[in-house]
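# Tertiary structure, described
The chain contents come next:
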Amino acid sequence: MNLFYLSPELSLVGVAIVVILLDLVVPNKTILAGVSLAGLSLPLAFSVALWGTNATTFNGMLTVDQFAILFKLLIVAIAALIILASVDYAGRFLAHHGEYYALILLAASGMMLMAATTEFITIYIALELSTLSLCALVCYRRDRPSSEAALKYLLLAVLSSAVLLYGMALIYGFTGTTSLVEIARNIGRNAIVLMGMVLLVAGFGFKIAAVPFQMWVPDVYEGAPTPITAYLSVASKAAGFAVVFRVFFTAFGSLDLAFDWALVFAILAAATMTLGNVAALTQTNIKRMLGYSSIANAGYLMVGLAAASALGRSSVVFFLAGYTLANLGAFIAIIAITNHIQSDRIDDFAGMSRRTPVLAAALAFCLISLIGLPPTVGFIAKVYIFSSAVAVGLTWLVLLAVVNSVISAYYYLRVVKVMYLSEPAEGPFPSSGALKVALAVSSLGVLVVGLLPYPLMRVAEVAAAGLLP
Amino acid sequence: MPADIDGLSLSFWILAVVTVGAAVAVVATRNIFRAAIYLVLSFVTIAALYLTLSAEFLAAVQILIYAGAIAVLLIFGIMLTREQRAGSPSGRLSFPALGVAGLVAFALTFVILGSRWNVSQAPLPADNTVAIADALFNQFVLPFELASVLLLAAIIGAIVLVRGSKE
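What counts, and where the lines are drawn
- Residues numbered from 1 in each chain as written.
- Chains lettered and ligands numbered in written order.
- Predicted model: local features only at pLDDT ≥ 70, side-chain atom pairs only at ≥ 80, totals over all residues.
- Heavy atoms only, no water.
- Helix = DSSP H or I, 4+ residues; strand = E, 2+ residues; numbered from the N terminus.
- Rg over C-alpha atoms; globule rule 2.2 N^0.38 Å.
- Contact = heavy atoms within 4.5 Å.
- Lys, Arg positive; Asp, Glu negative; His and termini not counted.
- Charge placed at Lys NZ, Arg CZ, Asp CG, Glu CD.
- Core = buried A, V, L, I, M, F, W, Y, C linked by side-chain atoms within 4.5 Å.
- Buried < 20%, exposed > 50% of the residue type's maximum accessible area, 1.4 Å probe, protein only.
- Domains from an automatic or database assignment.
- Patch = residues over 30% accessible without salt bridge, like charges linked within 9 Å, V, L, I, M, F, W, Y side chains within 5 Å.
- Areas by Shrake-Rupley, 256 points an atom, 1.4 Å probe, with all protein chains shown as cover.
- Salt bridge = Lys/Arg side-chain N within 4 Å of Asp/Glu carboxyl O.
- Phe/Tyr/Trp six-rings, centres within 6.5 Å; stacked < 30°, edge-to-face > 60°.
- Buried area = accessible area lost by both parts, 1.4 Å probe.
- Polar contact = N/O pair within 3.5 Å; in protein donor to acceptor, adjacent residues only side chain to side chain.
- Nonpolar A, V, L, I, M, F, W, Y, C, P; charged D, E, K, R; others polar.
- Axes fitted to C-alpha atoms, helices over the stretch in contact; angles between N-to-C directions.
- Parallel < 35°, antiparallel > 145°, perpendicular 65-115°, else oblique.

On to the overall build of chain A, then. Looking only at helices and strands, chain A has 20 helices and 2 strands in total. The globule rule puts the C-alpha radius of gyration for 469 residues at 23 Å, and the 21 Å found for chain A is close to it. Seen along its three principal axes, the alpha-carbon backbone of chain A occupies a region of about 65 × 55 × 40 Å. Of the contacts formed within chain A by residues at least 6 apart in sequence, a portion of 80% connects residues at least 24 apart. Of the charged side chains in chain A, 23 are positive and 20 negative, and the gap between their average positions amounts to 4 Å.

It is worth spelling out the nonpolar core at this point. Counting residues in hydrophobic clusters, the biggest one holds 208 residues, and the most contacted among them are L200(A), F204(A), W216(A), Y231(A), F248(A), F252(A) and F349(A). Non-local contacts of F252(A), meaning those with residues more than four positions away in its chain, are made with I171(A), I183(A), I187(A), M197(A), L200(A), V247(A), L257(A), A258(A) and W261(A).

One can read the domain layout of chain B as domain 1 (1-83) and domain 2 (125-167). Each of domain 1 of chain B and domain 2 of chain B has a C-alpha centre, and these two points are 24 Å apart.

All names here are of chain B. Together, L10, I14, V18, Y38 and L41 make up an exposed nonpolar region whose accessible area comes to about 400 Å². Mapped onto the nonpolar patch, the elements with two or more residues apiece are α1 (7-28) and α2 (32-52). It is α1 that contributes the most residues to the nonpolar patch, 3 residues altogether. Considering the arrangement of structural elements, one finds Y38 in helix α2.

This brings us to the packing of aromatic side chains. How two aromatic rings sit relative to each other is set out by the distance from centre to centre and by the angle between their planes. Residues and elements named next belong to chain A. In the structure shown here, the tally under the stated rule is 24 aromatic pairs over all chains. Centre to centre, the rings of Y100 and Y140 are 5.3 Å apart; their planes meet at 75°, and the pair counts as edge-to-face. With Y100 in helix α5 (residues 97-116) and Y140 in the loop between α6 (120-138) and α7 (144-175), this residue pair connects regions lying 40 residues apart in the sequence. Both residues of the pair, Y100 and Y140, belong to the buried class.

The subject of this paragraph is the pattern of salt bridges. All names here are of chain A. As enumerated under the stated definition, the model contains 16 salt bridges over all chains in all. In this structure, D23 and K29 form a salt bridge, with 2.9 Å as the shortest nitrogen-oxygen distance. K29 sits in the partly exposed class, given a relative accessible area of 28%. Across the salt bridge formed by R458 and E461, the nearest N and O atoms sit 3.0 Å from each other. One end of the pair, R458, and the other, E461, are both in helix α20 (residues 454-466), 3 residues apart, so they sit about a helical turn from each other. Within this structure, E148, K152, D219, E222 and R288 form a network of salt bridges that share partners.

Right, let's get into the domain arrangement of chain A. Residues and elements named next belong to chain A. When its domains are assigned, chain A resolves into domain 1 (1-253) and domain 2 (254-469). Computed from C-alpha atoms alone, the centre-to-centre distance between domain 1 and domain 2 is 21 Å. Contact residues are listed per partner, giving 55 residues for domain 1 and 56 residues for domain 2. Across the interface of domain 1 and domain 2, roughly 4,900 Å² is buried in total on both sides, 75% from carbon and sulfur atoms. Sorting the residues of domain 1 by area buried against domain 2 places L81, V211 and F249 first, and these three jointly supply 14% of that buried surface. Linking domain 1 with domain 2 are 3 salt bridges. Applying the counting criterion to the domain 1 and domain 2 interface returns 16 residue pairs in polar contact (both at pLDDT 80 or more). Counting residues per element, the ones that place at least two in the side of domain 1 that touches domain 2 are α4 (66-93), α9 (191-208), α10 (216-223) and α11 (226-251). Looking at side-chain class alone, the side of domain 1 that touches domain 2 contains 39 nonpolar, 8 polar and 8 charged residues.

Tallying the contact residues gives 42 residues for chain A and 29 residues for chain B. When chain A packs against chain B, close to 3,000 Å² is buried across both sides, 79% of that on carbon and sulfur atoms. Among the residues of chain A in contact with chain B, H96(A), I125(A) and R142(A) are the three that bury the most area, contributing 18% of the side total. Our count for the chain A to chain B interface comes out at 1 salt bridge. A salt bridge links E99(A) to R163(B), with the shortest nitrogen-to-oxygen separation between them at 3.3 Å. If you list the elements that add at least two residues to the side of chain A that touches chain B, you get α1 (7-25), α4, α5, α6, α7 and α9 of chain A. Of the residues forming the side of chain A that touches chain B, the biggest block, 8 residues, is contributed by α6(A).

Residues and elements named next belong to chain A. In contact at an axis separation of 4 Å, helix α2 (residues 30-39) and helix α3 (residues 41-50) are set at 5° when each is read in the N-to-C sense. Between α2 and α3, the crossing angle belongs to the class labelled roughly parallel. Within the contact between the two elements, α2 uses L37, A38 and G39 and α3 uses S41, L42 and P43. In the contact of α2 with α3, the residues fall into 4 nonpolar, 2 polar and no charged.

Once that is clear, we can look at unusual backbone geometry. Residues and elements named next belong to chain A. In this model, V211 is joined to P212 through a cis peptide bond whose omega is 0°. Relative to the helices and strands, P212 is located in the loop between α9 and α10. Non-glycine residue N59 carries a positive phi angle of around 55°. Looking at where N59 falls in the secondary structure, it is placed in the loop between β1 (55-57) and β2 (62-64). Of note in the backbone geometry, R142 takes a positive phi value of approximately 65° without being a glycine. For R142, the location among the structural elements is in the loop between α6 and α7. Relative accessible area serves as the criterion here: at 31%, R142 is assigned to the partly exposed category.

With that settled, the discussion passes to the side chain of N404(A). Relative to the helices and strands, N404(A) resides in helix α18 (residues 395-421). Once residues within four sequence positions are removed from consideration, N404(A) is found in contact with M273(A), T274(A), N277(A) and Y300(A).

Glancing now at the environment of L10(A). Examined against the element boundaries, L10(A) turns out to sit in helix α1. Residues L10(A) and L199(A), spaced 189 residues apart in sequence, show a C-alpha to C-alpha distance of 31 Å.

Below, the discussion takes up α10(A). Residues and elements named next belong to chain A. Burial analysis of α10 places 6 of its 8 residues in the buried class, which makes it a mostly covered element. Buried within α10 we find W216, V217, P218, V220, Y221 and G223. Here the buried face of α10 lies against α6, α7, α9, α11 and α13 (286-307).

Attention now goes to the environment of G196(A). Residues and elements named next belong to chain A. With respect to the element layout, G196 can be found in helix α9. Exposure remark for G196: the relative accessible area of 0% places this residue in the buried category. Distance in space between the C-alpha atoms of G196 and Y166 is 7.4 Å, their sequence separation being 30 residues. Residues within four places of G196 in sequence aside, it is in contact with G167, L170 and I171.

Shown next as structure tokens:
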């Protein structure tokens, strides 16, 4: 047992506790956001220090490899941006700031563990840690939509956990072990294992917002506080894909089994992206629209999963990073705008290009990245993920994904059209410094990685290559 | 009675029928208070099932936590909720849901009965409680400690939610 391998998560939980305790004595609550941000440098530093390690500890339950560390870095970065984006929002609309930031940090520690654990029981507890923290955060506004969203999130989380545990129990019953590496040694292709795999896909499907566990997404995205919606849409999805990778490539990586689950993921990918994009067409609320967009993106990500290859793995990691930048950028711009206009309706974004030119330009740019047009990171990510699927002969799926991308252009560009071509209702307004920093980081990231994708691609390749087998 | 049915398997079948019957009653009854009582019954019979499997520590924990603490919480929750008599409303989807649940149950039963399971040949540990403690605090210490962080998050979340919103 080596506690240094657990140091990113341990330090993050420690920071969360410090934030709660500080909340008791500090009158100015903005300091808490600063402490949380500064505290995030600890897991960041420990993760960077661990880069290059390839080890397991706690009897093989915790794995420290580049795959895990890359996801830890991604989640730390997301948590930092979400905290920056929350400062204004929390000050205006929320109470109990100490607990708010602490829950964001605890959820992050759960998601970091999801990327690093290689044993069923630990995976389950890490997953519940992130889900329960997020559920309390979804409920934070305490008004009717927020409570309804939290209830739906909780009920579906419980249902999917039950399905997940049943799948884990079947696999354990056949192999006699909960360790992913040991499972890979004892597994065979038979009815129990196939049934267990189907149940696991369904259970994890909730986390990544895939069909048929996607119905919570629009309501929860609409009702939750907007920074938490952003958090759910990127961090929760990234951690969900990380754990899917771990389980399916490590435990069920043998060729005959990989063929089965790749087919399941291909069918789910087709259903998920089509449903997400078609439903997004008619949305009038921007948070709901981005909810369906997040479902559609889960579909694109599963295209890379269906490829079930090393190229597919690195393309999914790259896509997740690109999607995180673009989606966070879009949400931060939306938070900045809705903080002022107090409405999530797309029609109320009319004339934003004149009321707040920088925010409107950043939002438009991030939406263009979500469509997948150059020169953004979204373009590279889509080319990368689709080429990985073509390489293994999934041409039908890629054609469907391209058609879907064209459909998605309609609803993303409609927002741009409303912002640039409609008449503004009122005069210009300023936005806060913290939001500007967060927005600058994410939209510059979209541009820079879009123009110079190779360093990040290389990191994604290294991370994906480290994953067994 | 055939000769190969001994007392242990007879008690297993009785307990199994009562457990499943109570579980069905939880879902089928309209009165939510009765549903809670049926749930307690199924908790207790599951504890008895553990006893027949020589897992006496698990049986004690099952009684203490599920039949004791969780049942009390559940009944308090029902009593503090105002519209307790209304019960669950009848939905249009109950028959389709029954069909889907039946299909899933059929598929699972088919898989479980139709497969060859690897049965462990290892002897039972002499002292169950010691073996469980060893597993919890040595082999599975990471999830065990993580569960305390999970509880911390749940407590913080619950406290925030009952403390009320911003004035």
